[in-house]
Amino acid sequence: MSKQFLRVIKIAGKYKFWMLLASVTGFLTIGSSIGLMMTSAYIIAKAALHPSIAELQVGIVGVRFFGIARGVFRYAERYISHEITFKLLARFRVWFYDSIYPLFPSKLGKYRSADLLTRIVDDVENLEHIYVRVIAPPFVALLVLILMLVLFESFNLLYATIIIIFFLLAGVGVPLFSYFASKNIGTKLVLLQSRMNELIVDQIQGLPELLVFGQVESFNNEFDKTQKEFYSLQKKNAKISGATEALIGLLMSFAVITILYSAIPNVTNGLLDGVYLSVLVLGTMASFEALLPLPVAVQFLEQSNKSASRIFELTDTAKPSFPNTKEQPEPNDYSIKLKSVSFKYSGSNVVYDKLNLFIPQNKLTAIVGASGTGKSTLVNLITRFWDYDDGEIYIGNKNLRDFSPAGIAKIVSVVPQRTHLFNLSIKENIRFANPAATDEQIYNAAELANIHEFVLTLPNKYDELVGEQGLKLSGGERRRIALARAFVRNSPVLILDEPTADLDQFNEEKIMNNLHKLSQTHTVLIITHRLRHLNKAGIIYVMDKGQIVESGTHEKLMEQKGYYFTMLNLEKDLVV
Amino acid sequence: MHVDKRLIKLAHNYRLTASISILSDLFAAFLTIAQAFYLSMIIDSVFLRSKSLNDVSNLIFILILVSVLKSLFIWLGQNSANKLAVNIKSNLRQKLTRHIFKLGPSYTKGEKSGEITNTVFNGIEKLEAYFSQFLPQLFLSALIPLLILIIVFPVDLLTGVVFLVTAPLIPVFMILIGKIAESMNRKQWKILNLMSGYFLDVIQGLATIKLFGRQRDIRKKIELVSDSFRISTMKVLRIAFLSALVLEILSTISIAIVAVEIGLRLLHGNLEFRQALFILILAPEFYLPLRQLGARYHAGMEGVSAAESIFKILKEPVKISSGKNTFNPGLAKNIKVEFQNVSFSYNNTKEAVKNLSFTLNPGTVTALVGKSGSGKTTTANLLLKFIENSTGKIIVNGMDLKTLSRNDWLKFVTWIPQNPYLFHESIKYNLQLAKPGATEEEIIDAARKADIHNFINSLAYGYETIVGERGARLSGGQAQRIALARAFLKNSPLIILDEPTANLDPQTELRLLRNIEMLTKNKTVLMIAHRLNTIKKADSILVYSNGEIVESGNYNELIELNGYFTKLIKSYSGEDE
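Remember, predicted model here, so these are calculated numbers, not experimental data.

Caption draft 1: Just the overall build of chain A, in detail. Across its full length, chain A carries 19 helices and 10 strands. On the principal axes, the C-alpha backbone points of chain A span a range of 115 × 60 × 50 Å. Counting every position in chain A, which comprises 576 residues, the buried fraction comes to 48%. If you take every contact in chain A between residues at least 6 apart in sequence, the share linking residues at least 24 apart comes to 78%.

So, in structure tokens, the structure goes:
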């Protein structure tokens, strides 16, 4: 058992009482079967000797009791183990959330993108079955073994020994065999499965290209080849899992035969009452029910181990250290100043090398440039999502490093380039930014974002649900709700990354005007590659490859006939 | 019961494998009966007839043989069931991918693409359990009890009657409770999905949560949501589990009844011990297949619902006629295209393009101009044979496009879309696609012309870099330049082009535009144009509005007309210069 798995158990440990209870009921379920079969065997063996009916009475009561008990215990076991599954799920989710929240996004490596993070959520959900599929089966089997030992030892130590041997063979030997036999296949299967998925994505999304380049046939060949390989491995795997099932059955038969073989002489020489011969045989047969889920448990153990190691690999990253102070620095004004800031994302090229920048208070500042030149990184640094490597950033007279991310969130409102709307109503999505906002304030913010009128046309108005990822709305509508969400907080600093992406001419103009008005009382920073409507900006910075190459007002930059001028002309050339 | 006729039909093609699987299981069942027979013989001999180990050693030997054989048949049965499932899956997936090719890009694009991808892999894999577990079990749960009945009836009539009476109760109860449980199950799944959905929403919205400092509230909500879902789900399950309870009790009580019944008759000397023991050992085996069916019922249901989406795709009619004629551009290798009153609608409702009539002449650039959704892309798709016109004709060099084989026609067409797709292969593969067998020099030359060679060279593995792996996710602008390089490699007489608009830095952008001009020289070009400069240079302009060509001519003619085109251009270029 790996270290990771033990850690998972530790997290799940909160529910050990419940798990114990479920295992005991699981054990009692199988125990009842054993009881039923042994008592039944006893009744008929005893009856064969034609005693008085009174001697069978206890057995008959026992048979009825076990018959009903099995059903009841089964019910209890299923009920409790589902309860546990749900509790574990909640526990793992909260634990996972708590673990990655402080790491997000700078410490999450490649998982900082939502798509990849989604994949690891599957791993978290995998762990919910850890009790039912991994912990319970061996535990129940162990309890059944103990019961069998107690029962059989009362007849003869030899029978108990036979049971131990066959339980070990079927419960440990067979799962180990299946583990080692399928170990390599499993890894290859995973690889081939992802290759299959790649090919399917290639076909569906690259369909036009495949057609245009006449690649249909060669694609089909490659696909068939991969699929054939995939399925030949799957067949191999199925052979092994089929073999484990057959093996457990065979071991059961052999256990019965061995018991017979060693008990028959005892019956002959009078050491064992012949009545019990069938009792022992049927008891042995019934007890093997406990061993059937074990090979599957091993497979799940492996799977859970992989999930656990992926999760821990992520959560074990050192947490970034932030000031522990409850005190929130109070800057004398809300301008933002970067003093020779250097930064690079780990494992990639330098974004900023000694960048200097001043974003004045109560003005509209714009940072413009082509995509991929490092504009958006500025947002990541100011929000403290990432920590800069060198240099200083100030808000007013206070160093940014004296703020915690939560403290920064209080004074800075951001509309990120990729907005996320929760699967809630429009009102709840806007209020998300400011739980204390009144309805009135929400409507005002929506008007500023030019979405209020649109919302009123919806059947449920502000209570309309936006759907998963807000997909019931168009891109432009989502963008405007994200804007309203930032406006409703009325924080002193507003940073908007591509605020007018997905917006039409009309909305773009209105919102730019509103932003301009807001900038008279707030620090407003717009990051954009669209240059029209910037003529009212207080100052425009042109960024190229992480450097400010030009700055000034629109008029000044137009006169310079440099980078900005060329960019704007290219943009104007774009008509439809 | 969930016996989908279409799925059974699939299994029908593999009758042999399916029969082997079921026959093996039947043999195994038969051997189980034999096991019970010999076991009861042995025990009887020792217990009541005072036989020694030596006397029964022959029987024990047979028992060993029977046990080994039984395990072998179980193994064989499982293997054949799996083989059946694998054959069906692989065949069905092949059919599915072939059919998707026939349906073409207009079927797979957009929001549906995720769903289709999921169906082609996961949907089909979900059939595994249906064919390897549920379906055989379905047969066995009818056949094995029948087999046991046939054997038990002559041995002991009364037990036979008990079996016969109780056995149908199990499926009856299963169906009865199953109906209630099914709707509850469905509710439960929905709830579960909602809960997972909420958590996923939170994880995807981490940035937003952090930006607005709502960490603690959300944590509380995760707990709350999980808790309230657990409570409501358990309420549902409390009842759903009753089905399991009833099934268990029914079969165990039946065993208990049989035990008592045969015990009492033994007592009165109406039955022999050997027979009684034989029946007792068989009793659990009689109910086992039916109980297992209950356990595999869910797998069956999943398979059926997966089949639903598979057959939905397969049922989708192919709307493109499979022309057989080959296209011959003639010696000059020029292509002339005529659209004659062409109309098309995507789903028989509103027409996406109406009455298109125009000519594309060799050596000229025709620009399509109009708002998004006005029919420009549909026009390009028609010419690419991705879709087929419902009325009118498209004539290329005198031949009706409908009669041409798509594969053959597209050999002469270059297509540069707004969002070109790059395959999960090396960059070299992605380029070579355009000209199988292209030499290294040709590839590098094309990449140079498309202004992407330097970028490719800067990657750690150069042209061998696998797209999509470790940072080799190309930006939109880079993908467009790869597409351009492909176009240079293919060098075909007809070019269909959606003018790229990625926001690159001005120099790169200007170079990209120049490169396109170089490419399109002396070709027949259909260009969805976005730039005033391009439009000005075009030999002919088709102005689209709501699927119709409302104006046409060159730039000066259209300006002179002072109609829709002029309005369109003014509304976009914003302030005057």
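Caption draft 2: Spatial organisation of the overall build of chain B. Of the regular secondary structure elements, chain B holds 20 helices and 10 strands. Here the C-alpha coordinates of chain B stretch approximately 115 × 65 × 50 Å along the principal axes. The 577 residues of chain B split such that 46% are buried. Counting contacts in chain B only where the partners sit at least 6 residues apart, residues at least 24 apart contribute 78% of the total.

Caption draft 3: Structural detail: the sheet that holds strand β9 (residues 540-545) of chain B. Residue and element names in this part refer to chain B. Pairing within the open sheet is mixed, and its 6 strands lie in the order β6-β7-β8-β3-β9-β10. Bordering the open sheet on either side are β6 (413-416) and β10 (548-553), each of which pairs with just one other strand. When strand polarity is set aside, the average angle formed by the axes of neighbouring strands in this sheet is 15 degrees. Of the pairings in the sheet, the one linking strand β3 (residues 365-369) to strand β8 (residues 524-528) comprises 4 bridges and is parallel in character. Residue A367 lies in a different strand from β8, and its bridge partner there is M527. Packing against the sheet, helix α11 (residues 376-383) makes contact with β3, β7 (494-498), β8 and β9, and its axis sits at approximately 145 degrees to β8. The sheet strands contacting helix α16 (residues 476-490) are β6 and β7, and the helix crosses β6 at an angle near 170 degrees.

Caption draft 4: Broad picture of the domain arrangement of chain A. Partitioning chain A into domains gives domain 1 (3-315) and domain 2 (336-573). Between the C-alpha centres of domain 1 of chain A and domain 2 of chain A there is a distance of 53 Å.

Caption draft 5: A look at the sheet that holds strand β4 (residues 390-395) of chain A. All names here are of chain A. Taken in spatial order, the 4 strands line up as β2-β1-β4-β5 in an open sheet, and their pairing is antiparallel. Looking at strand neighbours, the two that pair on one side only are β2 (350-359) and β5 (398-399), the edges of this open sheet. Examined bridge by bridge, strand β1 (residues 336-344) and β2 share 6 bridges and lie antiparallel to one another. Across the sheet, the residue bridging to I336 is I359, located in β2.

Caption draft 6: Local environment of helix α5 (residues 112-125) of chain B. Its 14 residues give α5 of chain B an end-to-end C-alpha distance of 19 Å, which sits within 8% of 20 Å, the value for a rise of 1.5 Å per residue. Buried within α5 of chain B we find I116, T119, V120, G123 and I124 of chain B.

Caption draft 7: Expanded view of the nonpolar core. Residues I44 and A484 of chain A together with L280 of chain B are the most contacted members of the largest nonpolar core, which totals 337 residues. The residues touching L280 of chain B, leaving out its near neighbours within four places in the chain, are S40, A41 and I44 of chain A together with V258, A259 and I262 of chain B.

Caption draft 8: Structural detail: unusual backbone geometry. Residue and element names in this part refer to chain A. With an omega dihedral of -10 degrees, the bond running from F104 to P105 counts as a cis peptide bond. For P105, the location among the structural elements is in the loop between α3 (54-100) and α4 (114-126). Phi at K354 takes a positive value of approximately 55 degrees, unusual for a residue other than glycine. Here K354 lies in strand β2.

Caption draft 9: Focus on the pairing of strand β2 (residues 351-360) of chain B. Residue and element names in this part refer to chain B. Pairing of strand β1 (residues 337-345) with β2, which is carried by 6 bridges, proceeds in the antiparallel orientation. Looking at the pairing, V342 lines up with L356 of β2. Connecting the antiparallel pair β1 and β2 is a turn made up of 5 residues, with N348 showing a positive phi of about 60 degrees.

Caption draft 10: Expanded view of helix α6 (residues 157-205) of chain A. A rise of 1.5 Å per residue sets the reference length of α6 of chain A, with its 49 residues, at 72 Å; its end C-alpha atoms lie 67 Å apart and thus fit the reference within 8%. Its axis deflected by about 45 degrees at S182 of chain A, α6 of chain A carries its strongest bend there.

Caption draft 11: Layout of the environment of V318 of chain B. Here V318 of chain B lies in the loop between α10 (273-315) and β1. Ignoring anything within four residues of it in the chain, the contact list for V318 of chain B reads K102 and L103 of chain B.

Caption draft 12: Representation of the confidence of the model for chain B. Mean pLDDT over chain B works out to 86, with 93% of the residues at or above the 70 mark. Scored by ipTM, the complex comes to 0.86, with pTM at 0.81.

Caption draft 13: Spotlight on the environment of L531 of chain A. Relative to the assigned elements, L531 of chain A resides in the loop between β8 (523-528) and β9 (539-544). Discounting chain neighbours no more than four positions away, the residues touching L531 of chain A are V368, M567, L568 and E571 of chain A.

Caption draft 14: Local environment of the packing of helix α2 (residues 15-49) of chain B against helix α3 (residues 53-103) of chain B. All names here are of chain B. Between α2 and α3, whose axes approach to 8 Å, the crossing angle comes to 160 degrees. Relative to α3, α2 is oriented roughly antiparallel. α2 and α3 meet at a crossing whose hand is left-handed. Across the contact of α2 with α3, the residue classes tally to 23 nonpolar, 10 polar and 4 charged.

Caption draft 15: Region of interest: the pairing of β10 of chain B. Residue and element names in this part refer to chain B. Sheet topology places β9 next to β10; 5 bridges connect them, and they run antiparallel. Across the sheet, residue L542 finds its bridge partner in β10, namely S552. Linkage of β9 to β10, two consecutive antiparallel strands, is achieved through a turn of 2 residues, within which N546 is found at a positive phi near 50 degrees.

Caption draft 16: Molecular detail of the packing of α2 of chain B against helix α6 (residues 127-155) of chain B. Residue and element names in this part refer to chain B. At a closest axis distance of 10 Å, the pairing of α2 and α6 adopts a crossing angle of 35 degrees. Considering the relative orientation of α2 and α6, their crossing is right-handed. Touching S21, I22, D25, L26, A29, F30 and I33 of α2 are P136, F139, L140, L143, I144, L147, I148 and I151, all from α6. Along the lines of polarity and charge, the residues of the contact of α2 with α6 split into 13 nonpolar, 1 polar and 1 charged.

Reading guide: rules and limits
- Residues numbered from 1 in each chain as written.
- Chains lettered and ligands numbered in written order.
- Predicted model: local features only at pLDDT ≥ 70, side-chain atom pairs only at ≥ 80, totals over all residues.
- Helix = DSSP H or I, 4+ residues; strand = E, 2+ residues; numbered from the N terminus.
- Buried ≥ 20, exposed ≤ 12 C-beta atoms within 10 Å, placed from the backbone.
- Contact = placed C-beta atoms within 7 Å.
- Pairing = 2+ DSSP bridges.
- Axes fitted to C-alpha atoms, helices over the stretch in contact; angles between N-to-C directions.
- Domains from an automatic or database assignment.
- Expected span 1.5 Å × (residues − 1).
- Core = buried A, V, L, I, M, F, W, Y, C linked by C-beta atoms within 7 Å.
- Bend = angle between axes of the 7 residues up to and from the residue.
- pLDDT = per-residue confidence, 0-100.
- Parallel < 35°, antiparallel > 145°, perpendicular 65-115°, else oblique.
- Left-handed = near helix turned anticlockwise from the far one by under 90°.
- Nonpolar A, V, L, I, M, F, W, Y, C, P; charged D, E, K, R; others polar.

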